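Below, each chain spelled out in residue letters.
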Amino acid sequence: GSYGPDRGGTNFDASGSLSFGFGDPVSAVGLQASANITSFRDFGESGYWSVGVHRMFQLSDRGLYSVAANASYISPWGDSESEDVGYSVVGTYLTSFGESLGMVTLGAANDLNSDRADWQGIFGIGISMGENYALSLAQAGDTTTVGVSLSSELVSGNSLGFSVSN
């Protein structure tokens, strides 16, 4: 879906993001920078930058914990220029059960709607369904998202994700 300003109508549109991660969130801090395009209809004419910091840690042998903070709508352009900077903070617990990995995410954000006035809750769950794919379900404010992530041994360390939101 499109996360930019409401354009009215029921025409299909898409959005996309290209993100790069730097640093080491396990022994120090991980940083992420993203370029976000809010409409594929007029590709590249509307979007924004986002940045984040991330830290992982292990309190016991039962799983890993993660905390991330992000800022979005930095230097917006096109239809996104009217958007204020938004913020989010999330925590995730990752554990294994059997041969699968599972995760639960909880957090809050004020960038889930265009007015940036209200902080809303974030909840997500994910589970690996084999070595090369995983399923996820998330609720962020009023938006429900179902996703799948795929990885290939041909491109080790990378994955491709697809999601559908209401």
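As shown above, the structure is provided for reference.
What you see is a predicted model; the values in this text were computed from it and never measured.

Visitor: Which residues make up the overall build of the chain, and what are the values?
Guide: When you go through the chain residue by residue, the secondary structure sums to 0 helices and 10 strands. Secondary structure elements of the chain occur, N-terminal to C-terminal, as β-β-β-β-β-β-β-β-β-β. Taking all 166 residues of the chain together, the buried fraction comes to 24%. The contacts in the chain between residues at least 6 apart in sequence include a share of 31% that link residues at least 24 apart. Of the roughly 10700 Å² of accessible surface on the chain, a fraction of 59% belongs to carbon and sulfur atoms.

Visitor: Could you give an account of the environment of leucine 135, with specific residues and numbers?
Guide: Looking at where leucine 135 falls in the secondary structure, it is placed in strand E8 (residues 133–140). The exposure class of leucine 135 is partly exposed, given its relative accessible area of 39%. Once residues within four sequence positions are removed from consideration, leucine 135 is found in contact with Ile125, Gly126, Ile127, Met129, Gly147 and Val148.

Visitor: Go over the packing of aromatic side chains, please, and point to the residues and values.
Guide: Scanning all chains against the criterion turns up 4 aromatic pairs. Judged by centre distance (3.9 Å) and plane angle (20°), the rings of tyrosine 48 and tyrosine 73 are stacked. Taken as a pair, tyrosine 48 in strand E3 (residues 47–60) and tyrosine 73 in strand E4 (residues 63–77) lie far apart in primary sequence, 25 residues in all. Across the pair, tyrosine 73 and tyrosine 48 agree in class, each one buried. Seen from their ring centres, phenylalanine 57 and tyrosine 65 are 6.0 Å apart, and the 15° between their planes marks the pair as stacked. An aromatic cluster is defined as three or more aromatic residues linked by ring pairs; in this entry it consists of Phe57, Tyr65 and Tyr93.

Visitor: Outline a nonpolar patch on the surface, supporting the account with residue identities and numerical values.
Guide: On the surface, Phe97, Ile127, Met129, Tyr133, Leu135, Leu150, Leu160 and Phe162 cluster together to form a nonpolar patch covering roughly 720 Å² of accessible area. Of all the elements in the fold, those that place two or more residues in the nonpolar patch are E8 and strand E10 (159–165). Tracing the backbone through its elements, the reader meets leucine 150 in strand E9 (residues 143–151).

Visitor: Could you give an account of the sheet that holds E4, with specific residues and numbers?
Guide: What the 10 strands build is an open sheet, ordered E1-E2-E3-E4-E5-E6-E7-E8-E9-E10; its pairing is antiparallel. Unpaired on one side and paired on the other, strand E1 (16–23) and E10 mark the two borders of the sheet. With direction set aside, neighbouring strand axes in the sheet form an average angle of 20°. The pairing of E3 with E4 spans 10 bridges and is antiparallel. What sits directly across from glycine 52, in E4, is asparagine 70.

What counts as what
Residues numbered from 1 in each chain as written. Predicted model: local features only at pLDDT ≥ 70, side-chain atom pairs only at ≥ 80, totals over all residues. Heavy atoms only, no water. Helix = DSSP H or I, 4+ residues; strand = E, 2+ residues; numbered from the N terminus. Buried < 20%, exposed > 50% of the residue type's maximum accessible area, 1.4 Å probe, protein only. Contact = heavy atoms within 4.5 Å. Areas by Shrake-Rupley, 256 points an atom, 1.4 Å probe, with all protein chains shown as cover. Phe/Tyr/Trp six-rings, centres within 6.5 Å; stacked < 30°, edge-to-face > 60°. Patch = residues over 30% accessible without salt bridge, like charges linked within 9 Å, V, L, I, M, F, W, Y side chains within 5 Å. Salt bridge = Lys/Arg side-chain N within 4 Å of Asp/Glu carboxyl O. Pairing = 2+ DSSP bridges. Axes fitted to C-alpha atoms, helices over the stretch in contact; angles between N-to-C directions.

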